[in-house]
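# Summary of structural features
Next come the chains, spelled out residue by residue.
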Protein chains: 2
Amino acid sequence: MPHYDVLCVGNAIVDIIAHCDDEFLKTNGIMKGAMNLIDATRAELLYSRMGDGIEASGGSAGNTAAGVASFGGRAAFFGKVSSDPLGKIYTHDIHARGVAFDTKPLEGEPPTARSLILVTPDGERSMNTYLGACVELGPEDVEADKASGAKITHFEGYLWDTARAKEAIRQTAMLAHAADRKVSMTLSDSFCAERHRDEFLQLIQSGAVDIVFANSHEIKSLYQTTSFEEALAAIRKDCEIAAVTRSEKGSVIVCSNETVIIKATDIKELVDTTGAGDAYAAGFLYGYVTGRNLKDCGDLGSFAAGLVIQQIGPRSWKNLRHEAEQSGLL
Amino acid sequence: MPHYDVLCVGNAIVDIIAHCDDEFLKTNGIMKGAMNLIDATRAELLYSRMGDGIEASGGSAGNTAAGVASFGGRAAFFGKVSSDPLGKIYTHDIHARGVAFDTKPLEGEPPTARSLILVTPDGERSMNTYLGACVELGPEDVEADKASGAKITHFEGYLWDTARAKEAIRQTAMLAHAADRKVSMTLSDSFCAERHRDEFLQLIQSGAVDIVFANSHEIKSLYQTTSFEEALAAIRKDCEIAAVTRSEKGSVIVCSNETVIIKATDIKELVDTTGAGDAYAAGFLYGYVTGRNLKDCGDLGSFAAGLVIQQIGPRSWKNLRHEAEQSGLL
């Protein structure tokens, strides 16, 4: 049985990142800061209107897998690309990070998923995602040996937007728990938490998920409250560990009666927030699987997020292990 | 007749940019700092070995066209992509900058050109270019109205590596001169200047080219001398204007008896030198077509190059007009 630290499951997406002003978001009906789901026609239209971009492999769980590997962890990934040029780029990039990725690519249509990401001058990213081949990820893509052999299985809430992926997740989580492993998830986006509230709550409250990553907007959306404290109290009760990020205010980790406050890393310049939450999860999970305490897990998460928001693109260009060692965190 | 400030002609290339150490270049026989021409098989091999990358539209003359447009100039471009996904990305990006680009894409093989660009920790880029569809650019792609209607026609020396493009260039230059326009070229790369020395010298000495862009290595290679001063004296004699860049030492512009020394712009951090020369040419040419003196042209070139080497990717993310205005250069 292969042994991995973290198995991530998510949408395999290539990001197309461009700058725009706030007016562009308004004119084109794009919800700022959110992940807007779009179809192929709207993807064509928006792309024709947006500025010149750069392309980089992305997708929440894929970014987390790449981050874990960059810290030196053994990571694996399940996700569906098509066997087209973007799919080849995605596969190259995640393999180049040392992540085990063997999901069979889709032959033919739909094409590999892409997210048109618009970064406003404040560094906030607004995503417009055409899921393409991702909708074909299903239970037949669950590699049982990886699901049973990874210390943690981590998946993204975004998968609930694709019909067959949730079945794959339920199966993977069951295999993981049967092998006495942990399961974590990210709520992904406050609108995603709203769309799938009942199922997310059921996953968390039933113990199918042990560790939850979310930001403050997402837990408030999940528990339908405007009070952060109330939402935090609710999630503390519902799961084993919750790590809740709060942008420049850092993060809060709750675990039974324990509460750990983590400061945000000082940054020189906020360039692009894409991938911040994914990098946080990578640092936290790497700390967790190497037996560190919650404070150290949170610090590693905060550190990785701090690096990724100072660059364009969702996966840190810098080697996270090297950088964390230089900073005395590892 | 359409009126353009600058018409650029060059290889239409998508850059795939990754970091590596110097050891990787040695192990893989990549000439550091140079443009290494590779075939499809070697492109596959190198790509499988290199790290995860980002993709961005590139190509020397295309970068210059994008730069001129970013300064607010009217730019056009001739170059050949294939009608594949990378070709669509290339076309989108140059159109999004406002550059007129109407060259008919190639249907079918070979695919759109790509350059595997490896950036070492010192910020130097080493390029490995598979020319793909670029080899199909030919005289039939010359749009006479644009060639006659642009104040300057600018082309890259790299085009001499493709069989039919040089005929397209000769035709474009003739149309430009017949309409009393100027023609400029970049020597592109010292090995390129070596490969095509006789033809480059013939172009410059015959007056087919009025303005030459080069760096110090390239003019030394062209004139087969180790002395910068000697090479500078030779090029001063051979063409109307030569703008010679010298990395952190800035640039020197010679024009008949006049010599203008331009300082390099102060930078905070050298990230990636890709596109520095192309950005310099964009700034210089924008200054030239708007009637500025050589000192101001050089300062605009230096300014644009300084911006592009502080980011990943060959075309400045920032709007050059806005930045130059903020700095009091426009």
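Residues numbered from 1 in each chain as written. Chains lettered and ligands numbered in written order. Predicted model: local features only at pLDDT ≥ 70, side-chain atom pairs only at ≥ 80, totals over all residues.

Once that is clear, we can look at helix α10 (residues 228-238) of chain B. Each α-helix winds once per 3.6 residues, and so residues spaced three or four apart point in a common direction. All names here are of chain B. A231, L232, A234 and I235 are the residues of α10 that are buried. All buried residues of α10 lie within an arc of 165° about the axis, which places them on one face of the element. Opposite the buried face of α10, at more than 90 degrees from it, the exposed residues are E229 and K237. Buried residues along α10 sit against β11 (211-215), α9 (216-222), β12 (241-245) and β13 (251-255). (Buried ≥ 20, exposed ≤ 12 C-beta atoms within 10 Å, placed from the backbone. Helix = DSSP H or I, 4+ residues; strand = E, 2+ residues; numbered from the N terminus. Arc of directions from axis to C-beta. Contact = placed C-beta atoms within 7 Å.)

Once that is clear, we can look at helix α11 (residues 276-289) of chain A. All names here are of chain A. Taking 1.5 Å per residue as the helical rise, α11 with its 14 residues ought to reach 20 Å, and the 20 Å between its terminal C-alpha atoms agrees with that figure. Burial analysis of α11 places 14 of its 14 residues in the buried class, which makes it a mostly covered element. Where α11 ends, the next residue or the one after it, G291, has phi of about 75°, a positive value. (Expected span 1.5 Å × (residues − 1).)

A separate point is the confidence of the model for chain A. For chain A, the average pLDDT comes to 97, and 99% of its residues sit at 70 or higher. Predicted complex, confidence summary: ipTM 0.95, pTM 0.96. (pLDDT = per-residue confidence, 0-100.)

This brings us to the interface of chain B and chain A. Taken together, the contact pairs 21 residues of chain B with 21 residues of chain A. Breaking the side of chain B that touches chain A down by element, the ones donating at least two residues are β4 (54-58) and α4 (85-96) of chain B. At 6 residues, the largest contribution of residues to the side of chain B that touches chain A is made by α4 of chain B. For the side of chain B that touches chain A, a count of residues per class yields 10 nonpolar, 6 polar and 5 charged. Note: strand β4 (residues 54-58) of chain A against β4 of chain B, 3 bridges, orientation antiparallel. Residue pairing for β4 of chain B: A56 of chain A is matched across the bridge by I54 of chain B. (Nonpolar A, V, L, I, M, F, W, Y, C, P; charged D, E, K, R; others polar. Pairing = 2+ DSSP bridges.)

Here we take up the sheet that holds β12 of chain B. Residues and elements named next belong to chain B. Reading across the sheet, the 9 strands line up as β6-β5-β1-β9-β10-β11-β12-β13-β14 and stay open at both edges, with mixed pairing between neighbours. With partners counted over all chains shown, the strands left at the sheet margins are β6 (100-101) and β14 (258-262), one partner each. The pairing of strand β1 (residues 4-9) with strand β9 (residues 150-156) spans 5 bridges and is classified as parallel. Its bridge partner lying in β9, L7 is registered against T153. Its contacts with the sheet put helix α11 (residues 276-289) on β1, β9, β10 (182-186), β11, β12 and β13, and the angle it makes with β9 is roughly 165°. (Axes fitted to C-alpha atoms, helices over the stretch in contact; angles between N-to-C directions.)

This part covers the nonpolar core. V6, A65 and V212 of chain A together with V6, A65 and V212 of chain B are the most contacted members of the largest nonpolar core, which has 217 residues in total. Contact partners of A65 of chain B, with chain neighbours within four places excluded, come to V6, C8, A75, F77, I94 and V99 of chain B. (Core = buried A, V, L, I, M, F, W, Y, C linked by C-beta atoms within 7 Å.)

Following E109 of chain A, the chain continues to P110 of chain A via a peptide bond in cis, the omega torsion being -10°. Here P110 of chain A lies in the loop between β6 (100-101) and β7 (113-119). With a phi angle near 50°, Q224 of chain A is a residue other than glycine that sits in the positive phi range. Among the secondary structure elements, Q224 of chain A is positioned in the loop between α9 (216-222) and α10 (228-238). Judged by C-beta crowding, with 12 C-beta atoms within 10 Å, Q224 of chain A ranks as exposed. Of note, the phi angle at D180 of chain B is positive, near 65°, even though the residue is not glycine. You can see D180 of chain B is positioned in the loop between α6 (165-178) and β10.

Let's shift gears to the relation of the copies chain B and chain A. With an RMSD of 0.0 Å, chain B superimposes on chain A once it is rotated by 180° and translated 0.0 Å along the axis. Here the symmetry operator amounts to a two-fold rotation axis. Ranked by how close their C-alpha atoms come to the rotation axis, the residues of chain B are headed by E55 of chain B, at 2.4 Å. A share of 100% of interface residues in chain B that are also interface residues in chain A marks the association as one of identical surfaces. (Least-squares fit on C-alpha atoms with pLDDT ≥ 70 in both.)

Here the focus is the sheet that holds strand β8 (residues 125-130) of chain B. Strands sit in the order β3(A)-β8(A)-β7(A)-β2(A)-β4(A)-β4(B)-β2(B)-β7(B)-β8(B)-β3(B) across an open sheet of 10 strands; the sheet is mixed. Each edge of the open sheet is held by one strand with a lone partner, namely β3 (35-37) of chain A together with β3 (35-37) of chain B. For this sheet, the mean inter-axis angle between neighbouring strands, taken without regard to orientation, is 25°. For strand β2 (residues 13-19) of chain A and β7 of chain A, the ladder comprises 7 bridges, and the chain directions are parallel. Paired with I16 of chain A across the two strands is L116 of chain A, which belongs to β7 of chain A.

All names here are of chain B. Counted residue by residue, strand β7 (residues 113-119) has 7 buried out of 7 residues, so it is predominantly covered. The alternating pattern of β7 places A113, S115, I117 and V119 on one face and R114, L116 and L118 on the opposite face, and all of these are buried. Pairing between β7 and β8: 6 bridges, direction antiparallel. By the bridge assignment, V119 is partnered in β8 with R125. The antiparallel hairpin formed by β7 and β8 contains 5 residues in its connecting segment, where G123 sits at a positive phi of about 90°.

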